[in-house]
Amino acid sequence: PLILTEFLDRAVHLYGEKPAIIDEDWTLTYRELNARVNQLSRGLESLGVKKGDKVAYLAPNSTEMLEGFYGVFQLGAVMTPLNTRLKPADYRFILEHSESKVLLVDHTLLPLVQEVVQDLPSIEKVIVHGDPSKEGYESWLSQFSPDTFDRENVEETDIASLLYTSGTTGDPKGVLLSHRSNYLHALSSMHHLRVSDQDTLLHVLPMFHVNGWGSPFYYTANGATQVMLRKTDPELILNKVEKYNVSVLHMAPTVLNMVIGAYEEKQPSIDQDVRVVIAGSAPPPAFVRKVEEDLKWKFVQVYGMTEISPLITTSELRSMDVDRPAEERYRLKAKAGYSMIGSQVKVVDELGEEVPSDGKSIGEIVTKSNNVMEGYYKNVEATNEAIRDGWLHTGDMAVVDDGGNIEIVDRKKDVIISGGENISSIEVEAALYEHPSILEAAVVAVPDEKWGEVPHAVVVVKEGETLSEEEVILFCREKLAHFKAPKSVTFIEELPKTASGKIQKVVIRKKFWKDHNRMVN
Ligand code: ATP
Ligand code: MG
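Worth saying up front: this structure is predicted, and the values here are computed from it rather than measured. (Residues numbered from 1 in each chain as written. Chains lettered and ligands numbered in written order. Predicted model: local features only at pLDDT ≥ 70, side-chain atom pairs only at ≥ 80, totals over all residues.)

**Considerations on the environment of aspartate 401**
Then comes step 1: Topologically, aspartate 401 is positioned in the loop between strand E20 (391-400) and strand E21 (406-411).
Then comes step 2: Taking the C-beta count within 10 Å as the criterion, aspartate 401 has 14 such neighbours and is therefore assigned partly exposed.
Then comes step 3: In this structure the C-alpha to C-alpha distance between aspartate 401 and serine 361, which are 40 residues apart in sequence, comes to 9.3 Å.
Then comes step 4: Excluding its chain neighbours within four sequence positions, the residues that come into contact with aspartate 401 are Ser357 and Gly359. (Helix = DSSP H or I, 4+ residues; strand = E, 2+ residues; numbered from the N terminus. Buried ≥ 20, exposed ≤ 12 C-beta atoms within 10 Å, placed from the backbone. Contact = placed C-beta atoms within 7 Å.)

**Here's the deal with the pairing of strand E5 (residues 102-106)**
Then comes step 1: With respect to burial, E5 is a largely interior element, 5 of its 5 residues being buried.
Then comes step 2: By the alternation rule, side chains of E5 split into Val102, Leu104 and Asp106 and Leu103 and Val105, which are all buried.

**Brief notes about the domain arrangement of the protein chain**
Then comes step 1: Split into domains, the protein chain comes out as domain 1 (5-231) and domain 2 (415-510).
Then comes step 2: Each of domain 1 and domain 2 was reduced to a C-alpha centroid, and the two centroids are 38 Å apart. (Domains from an automatic or database assignment.)

**A word on the nonpolar core**
Then comes step 1: Formed by 146 residues in total, the largest nonpolar core has its most connected members in Val55, Leu202, Met251, Val276, Ala398, Leu432 and Ala441.
Then comes step 2: Residue contributions to this core peak at 7 residues, all from strand E24 (residues 438-448).
Then comes step 3: Domain assignment of the residues forming this core places at least three in each of domain 1 (5-231) and domain 2 (415-510).
Then comes step 4: Once residues lying within four places of it in the same chain are set aside, the contact partners of valine 276 are Leu249, Met251, Leu256, Val291, Trp297, Lys298 and Phe299. (Core = buried A, V, L, I, M, F, W, Y, C linked by C-beta atoms within 7 Å.)

**A look at unusual backbone geometry**
Negative phi values dominate among residues other than glycine, just as trans dominates among peptide bonds.
Then comes step 1: Note that the residue after serine 309, namely proline 310, is joined by a cis bond; omega there is 15°.
Then comes step 2: In this structure, serine 309 is a non-glycine residue whose phi angle is positive, near 80°.
Then comes step 3: The class of serine 309 is buried, set by 33 C-beta atoms lying within 10 Å.
Then comes step 4: For lysine 378, which is not glycine, the phi torsion reads 55° and is therefore positive.
Then comes step 5: Residue placement: lysine 378 occurs in the loop between strand E18 (375-376) and helix H14 (380-386).
Then comes step 6: With 13 C-beta atoms packed within 10 Å, lysine 378 lands in the partly exposed category.

**Regarding helix H8 (residues 210-221)**
Then comes step 1: Of all the 12 residues making up H8, 12 are buried; the element is thus mostly covered by neighbouring parts of the structure.
Then comes step 2: The set of residues buried in H8 consists of Val210, Asn211, Gly212, Trp213, Gly214, Ser215, Pro216, Phe217, Tyr218, Tyr219, Thr220 and Ala221.
Then comes step 3: The first or second residue beyond H8 is glycine 223, which carries a positive phi of 65°.

Below is the structure:
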């Protein structure tokens, strides 16, 4: 059966004495990890956790989190990781909605949920871990046998995870993914990202988020070493890359942007062969150039979403071709790329017909594969809205060229409709990022009497630099068609972001639309 613990079995068998996890000053081999996983499964069993029960985790990327994955799976129970940057009311919503039975929480995050869990009827036990004194959780684990755990009743169609979406566009939705979906997704990703036992991965993307969530499976299966990053700090990232000879990192463009900043300041020597996998939002080509030329990391773009385990396209295929001129490579890598093995991906119009592959006709990305979720938990309506005739509708608009290369134009909700023209907020942002004084930028639709909507830019200026509204607008007018250039600009210190580093345009948009209705919000 395609169950996720097989990946750990394989690692123990082939790479038992290799370091599996490096977490602060703590190193565990695959054999040691497996022993702890068995202890954890028995510990959870002793608390009454059974097949189908939800086990919630609130933890940074850590040993406890990764062993939690496999420890929960062995029972046929459902791993429910929680975003570490939510508010108490959100935790209440998710813990209640998921009916989590046990909550494992890192001691640094306990204050976030301490009050909430007191009156939640479903929660039977809260276990605190990560205490530097290694008391509590560690002594609890040590009571249980590390011997092989019987997992005969786990089947590939069982639900492995209940993951809540980022909440970039509204309330988070609970996505149910089976062992089989996660497993097949892992096989496809390990192929496309060329994962091997020579790899050392730095876990930058949070593991509670689907992108960080999927990667441990394929790095485990190949006996790669997984370095934990408990805090998203750009200098720490550079230090760990150097110290542990990291060969691969997955992260959001906003975080990579900070790493580039830290690199430019310190210019540390990084001479190993690093590749960086980018997910989450479309990076502009200028950005790809920076990564490849300044940082000298190889850039790979992927596209996906929680509902599909998550990855379905990658720029890796032809764009990695070293014979191509650099500029062409960067342009290719700025696109979401080609469909990955195991996923059918189409770009369709409103009638469900594929749009012409001409690089300019816009449609919605739809996909069909074994990666697709079983559905949204306790939300049949949203499930039926998302999956129609077996095709998952992503809500992402794209164009496709004659070679099958997909370029994300925008989220349906973020497209600016101005005087009947569609403006891609991503395209306007790409122009803004070419400005040497701009650190970060987001473009949203604001209401306009004449045009319906017009683009508005929200800009974060690099430290020590100044910029006026007029300068920004004129700069964009040089790069873009007139109607696409922002009509107004706000300067702010920091953009609102989700925990995985995505810019929340819905939050930015809100204050402009207070007294108006917007069809898609
Ligand atoms: P919510 O569904 O709760 O609003 P979310 O859609 O941000 O949140 P995720 O599943 O984490 O939740 O993110 C998936 C989305 O991220 C995609 O639908 C797409 O809009 C965006 N995305 C992912 N990869 C890329 C990419 N390579 N380029 C552009 N956008 C991307
Ligand atoms: Mg979404």
